[in-house]
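What follows is each chain in one-letter form.
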Amino acid sequence: AVKFTENGSIRITITLEKQEAKTAHLLFTVTDTGIGIEPEQFPQLFDSFSQAGADITRKYGGTGLGLAICQQLLALQGGGIDVASEPGKGTTFSFWIPYGCQSQTTPIGKTAKNPQDNQQQFAGKHFLVVEDNPINQQLIEYVIKKAGAEVTLVGHGGEAVERLKLQTFDLIIMDLQMPVMDGYETTKYLREEMKLRTPVLAMTANALKGEQVRCLEAGMNGYMSKPFEFRDFYNRVARLLENQSRQDASDDAQTIQDPGKQPLFNLSLLEEVGDRDYVHDTVTTFLESLPDHLENLQRAYKEKNYDCVAFVAHKLRGTMGVFQARSLCEHLDKLEQSARERTDPGNLVPMTLNLLRRLAGELKQYDRCSSI
């Protein structure tokens with residue numbers, strides 16, 4: 001419609017044609033005041049590589065695939081398309097699609113939140129948004145400010161690192177695909193070089209399992225697919241803030257050398273992948289590979305092979321991020337740093353080995369319970 005309407009207007013309407021128990025039939029119409037179409041040209045309009053005439057192709061360009069693709073997509077969704085036109089006066093394309101629907105009385109889950117629900121929790125918080133797309137920046141800034149928090153925007157990971165060297169934030173919202181430093185590289189730098197524990201929420205256009213796990217391995221605390229729903233965004237951010245608050249309180253009550261009897265891991269983020277077999281396979285793979293890691297770490301320490309100690313610690317650190325095993329993450333960070341500085345880590349190695357063995361026992365117990 002835009003292409004063939006140089007003057008005048010384009011009007012789009014949507015009407016409910018029919019309502020059934022679980023289906024709503026919607027009719028969309030797009031009416032323009034453009035050049036119009038001759039009636040004899042209607043039959044071939046929806047053919048591939050066909051346009052209304054050679055003069056149209058010369059003046060307006062195109063391949064003649066647009067309407068053919070529209071018709072095929074609508075047919076796949078159980079809909080259809082029709083056209084009415086008058087040369088020199090305009091054209092109306094109408095298409096209809098059946099949509100699944102829920103009763104309006106369906107209750108909203110307890111975790112669903114409105115911006116107003118978050119005012120108290122978000123008030124006084126300051127979020128860093130790392131995103132290179134100006135439209136996405138504006139959208140995220142809007143939904144955060146609407147909930148009562150402050151926002152600082154940067155365009156890529158390099159700017160984020162420089163900002164975080166000067167200022168602290170309560171939460172970082174991190175796009176994955178960016179110039180200079182992408183989200184993965186930036187988060188790893190924040191965790192491994194700057195030792196920051198600030199929660200990081202990844203924003204990704206790819207919801208594949210592999211990408212989600214890669215986010216966790218990089219040290220992120222959660223992930224969301226783009227585009228996102230506002231309620232889901234508020235829920236996830238609120239949960240990250242709550243988790244961070246609980247963790248800070250826990251850290252005040254116990255030191256890293258004495259993790260206590262609390263569980264060493266939390267698989268909630270991994271479970272969000274929504275595939276029980278996938279979680280089981282991830283746990284099983286780790287448990288099968290752990291004995292070799294333990295042996296390699298112990299031997300490397302005994303032989304003072306610091307390069308090998310650093311390598312094993314770094315490799316295990318990524319997996320601990322997936323399991324949200326924060327105590328082990330901190331032990332492994334310290335162990336890797338000590339090895340790279342060629343200093344004797346002392347009791348840190350046996351402490352780490354004991355924690356890894358304890359984690360293995362807890363994961364085995366979890367796996368047995370979850371398979372019942």
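Residues numbered from 1 in each chain as written. Predicted model: local features only at pLDDT ≥ 70, side-chain atom pairs only at ≥ 80, totals over all residues. Heavy atoms only, no water.

Draft legend 1. Representation of the sheet that holds strand β8 (residues 200-204) within the structure. Pairing is parallel in the open sheet, where five strands are placed in the order β6-β5-β7-β8-β9. Each edge of the sheet is formed by a strand with only one pairing partner; in this case those strands are β6 (150-154) and β9 (222-225). The average undirected angle you get between the axes of adjacent strands in this sheet is 20°. Both strand β7 (residues 171-175) and β8 contribute to a ladder of four bridges, which runs parallel. Residue Ile172 lies in a different strand from β8, and its bridge partner there is Val200. Relative to β6, helix α4 (residues 134-146) is tilted by about 165°, and along the sheet it contacts β5 (126-130), β6 and β7. Along the sheet, helix α5 (residues 157-166) makes contact with β5, β6 and β7, crossing β5 at roughly 155°. (Pairing = 2+ DSSP bridges. Helix = DSSP H or I, 4+ residues; strand = E, 2+ residues; numbered from the N terminus. Axes fitted to C-alpha atoms, helices over the stretch in contact; angles between N-to-C directions. Contact = heavy atoms within 4.5 Å.)

Draft legend 2. Looking closely at the packing of aromatic side chains. Tallied over the entire structure, the rule returns seven aromatic pairs. Taking the centre distance of 4.8 Å and the plane angle of 5° together, the rings of Phe28 and Phe95 count as stacked. Of this pair, Phe28 sits in strand β2 (residues 23-32) while Phe95 sits in strand β4 (residues 90-100), and the two are 67 residues apart along the sequence. For Phe28, a relative accessible area of 13% translates into the label buried. A centroid spacing of 6.5 Å and a plane angle of 50° characterise the contact between Tyr142 and Phe230, whose relative ring orientation is tilted. (Phe/Tyr/Trp six-rings, centres within 6.5 Å; stacked < 30°, edge-to-face > 60°. Buried < 20%, exposed > 50% of the residue type's maximum accessible area, 1.4 Å probe, protein only.)

Draft legend 3. Just helix α10 (residues 276-302), in detail. Helix length check: α10 (27 residues) gives 39 Å between terminal C-alpha atoms against 39 Å at 1.5 Å per residue, within 8%. All buried positions along α10 are accounted for by Val279, Thr282, Val283, Phe286, Leu287, Leu290, His293, Leu294, Leu297 and Ala300. One or two positions beyond α10, positive phi appears at Lys304, with a value near 55°. (Expected span 1.5 Å × (residues − 1).)

Draft legend 4. Layout of the packing of α5 against helix α6 (residues 183-192). At a closest axis distance of 9 Å, the pairing of α5 and α6 adopts a crossing angle of 25°. When the axis of α5 is compared with that of α6, the two are roughly parallel. Between α5 and α6 the crossing geometry is right-handed. Residues Gly157, Ala160, Val161, Leu164 and Lys165 of α5 form the contact with α6, whose own contacting residues are Thr186, Tyr189 and Leu190. Per-class residue counts for the contact of α5 with α6 are five nonpolar, two polar and one charged. (Parallel < 35°, antiparallel > 145°, perpendicular 65-115°, else oblique. Left-handed = near helix turned anticlockwise from the far one by under 90°. Nonpolar A, V, L, I, M, F, W, Y, C, P; charged D, E, K, R; others polar.)

Draft legend 5. Up close: the nonpolar core. Core analysis: the biggest nonpolar cluster contains 56 residues, and Phe286, Met320, Phe323, Leu359 and Leu363 have the highest contact counts within it. Discounting residues that sit within four places of it in the chain, Leu363 has contacts with Phe265, Leu267, Val283, Phe286, Leu287 and Phe323. Judged by nonpolar contacts, the second largest core, of 21 residues, contains Phe122, Val143, Tyr234 and Leu240. (Core = buried A, V, L, I, M, F, W, Y, C linked by side-chain atoms within 4.5 Å.)

Draft legend 6. Inspection of the pattern of salt bridges at higher detail. Under the defined criterion, the tally for this structure stands at twelve salt bridges. Across the pair Glu86 and Lys89 runs a salt bridge, and its minimum N-O distance is 3.4 Å. A salt bridge links Glu330 to Arg197; its shortest N-O distance comes to 3.5 Å. Of the two residues, Glu330 sits in helix α12 (residues 326-340) while Arg197 sits in the loop between α6 and β8, which places them 133 residues apart along the sequence. (Salt bridge = Lys/Arg side-chain N within 4 Å of Asp/Glu carboxyl O.)

Draft legend 7. Geometry of the pairing of β8. With respect to burial, β8 is a largely interior element, five of its five residues being buried. Residues Val200, Ala202 and Thr204 of β8 are buried on one face, and the alternating residues Leu201 and Met203, pointing to the opposite face, are buried as well. Once you follow β7 into α6 and on to β8, the crossover reads as right-handed. Bridge analysis of β8 against β9 gives four bridges, and the strand direction is parallel. Counterpart to Leu201 in the pairing with β9 is Gly222. (Right-handed = clockwise from strand over helix to strand, strands pointing away.)

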